[in-house]
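# Overview (structure and organization)
The lines below spell out each chain.
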Amino acid sequence: MPHLILASASPRRRELLEQIGVHFDCRPVDICEDPLQQESACEYVTRLAQEKALAGLEQAGGDSVVLGSDTTVAIDDHILAKPANEDEAVAMLMQLSGRRHQVLTAVALAAEGKVEVCCVGTDVEFIELDDARCRQYWRTGEPCDKAGAYGIQGLGAVFVKSINGSYSAVVGLPLMETAAMLQKFDIPLWQPN
């Protein structure tokens, strides 16, 4: 049975894989996450997920299967990555205020001679926000490492008016699609601890 490696330090992705009973090791990889010129949000996360999976496979070798994933927020054809500071986070949140945006998560699985990638988009609508509430949210520390400066699985959930699509993809890993891909790579689900 092949061994699964998660090429990510994300605690959310670890929790989601554990939720479906998958055994894996975490071995984060370091790649440049800057978007390329004219790259769509789906192209961006797909490229990053694949680069992470392939970098992890290069490190691991053997009969390993490596899962790479990336999530971003997109609105008006703009990619909203992780905010660099409070003002950037507030600007992102105000851009999302009272509007619908898309969260895109790509998953890539790589093994020797085989790579599979998918991108899942989910529409999320926010309530109206104001500057003071956004700054208060920033001070909780939650938005610092989140694409679009919010976490739907945490305190940021209070901003979400509606969601159309995969909740787990917004958190960081689309579970239905990931499970189907894992089965193609002979990685079993629902394994006892």
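The notes below deal with the structure included here. (Residues numbered from 1 in each chain as written. Predicted model: local features only at pLDDT ≥ 70, side-chain atom pairs only at ≥ 80, totals over all residues. Heavy atoms only, no water.)

## Section: the overall build of the chain
Convention followed: Helix numbering and strand numbering both begin at the N terminus, where a helix is a DSSP run of H or I of at least 4 residues and a strand a DSSP run of E of at least 2. Just to be clear, the radius of gyration here is over C-alpha atoms, and the globule rule we use is 2.2 Å times residues to the power 0.38. Classification of residues uses two cut-offs on accessible area relative to the type maximum, computed with a 1.4 Å probe and protein chains only: under 20% is buried, over 50% is exposed, and between them is partly exposed. Working rule for contacts: check all heavy atoms of both residues, and any pair within 4.5 Å makes them a contact. In this description, accessible areas are obtained by the Shrake-Rupley approach with a 1.4 Å probe, and a residue is regarded as covered only by the protein chains that are shown. Within this scheme the basic residues Lys and Arg register as positive and the acidic residues Asp and Glu register as negative, but His and the chain ends are omitted. Where a charge lies is defined by one atom per residue type, namely NZ (Lys), CZ (Arg), CG (Asp) and CD (Glu).
Scanning the chain for helices and strands turns up six helices and seven strands. Put simply, the chain runs from its N terminus to its C terminus through helices and strands in the order β-α-β-α-β-β-α-β-β-α-β-α-α. A compact globule built from 193 residues should have a C-alpha radius of gyration of about 16 Å, and the chain, at 17 Å, falls within 12% of that. Seen through its C-alpha atoms, the chain measures out along the principal axes to roughly 50 × 40 × 25 Å. Residue burial in the chain is summarised as follows: out of 193 residues, 50% are buried. Taking all contacts inside the chain whose residues are at least 6 apart in sequence as the whole, residues at least 24 apart take part in 67%. When the accessible surface of the chain is totalled, it reaches about 9,300 Å², and 48% of it is carbon and sulfur. Charge separation in the chain, taken as the distance between the mean sites of 16 positive and 28 negative side-chain charges, equals 4 Å.

## Let's talk about the packing of helix H3 (residues 86-96) against helix H4 (residues 131-138)
How two helices sit against one another is set out by the angle between their axes and by the gap between those axes. As a reminder, the rule being used: What counts as an axis is a line fitted to C-alpha atoms, over the stretch in contact for a helix, and the angles between N-to-C directions run from 0 to 180 degrees. Roughly parallel means an angle under 35 degrees; roughly antiparallel, over 145; roughly perpendicular, 65 to 115; everything else is oblique. When the near helix sits turned anticlockwise from the far one by under a right angle, the crossing is termed left-handed; a clockwise turn instead gives a right-handed crossing.
Between H3 and H4, whose axes approach to 9 Å, the crossing angle comes to 130°. Taken as axis vectors, H3 and H4 run oblique relative to one another. Considering how the two elements wind past one another, H3 and H4 form a crossing that is right-handed. Residues Glu86, Asp87, Ala89, Val90, Leu93 and Met94 of H3 lie in contact with H4, whose contacting residues are Asp131, Cys134, Arg135, Tyr137 and Trp138.

## Let's talk about the nonpolar core
How we decide: In plain words, nonpolar cores are sets of buried Ala, Val, Leu, Ile, Met, Phe, Trp, Tyr and Cys residues tied together by side-chain atoms within 4.5 Å.
Ranked by size, the top nonpolar core spans 46 residues in total, and within it Tyr150 and Leu182 carry the most contacts. When residues in this core are grouped by element, the largest group, five residues, is from H3. Residues within four places of Tyr150 in sequence aside, it is in contact with Val73, Leu93, Leu96, His101, Val103, Val124, Phe126, Tyr137, Pro143 and Val170. Core analysis: the next-biggest nonpolar cluster, separate from the first, contains 17 residues, Val29, Ile31, Val45 and Ala49 among them.

## Focus: the environment of Leu182
Among the secondary structure elements, Leu182 is positioned in helix H6 (residues 175-184). We classify Leu182 as buried; its relative accessible area is 0%. Counting along the chain gives 47 residues from Leu182 to Arg135, while the straight-line C-alpha distance between them is 40 Å. Those residues in contact with Leu182 that lie beyond four places of it in its chain are Leu4, Leu17, Ile20, Val22, Leu67, Leu109, Ile187 and Leu189.

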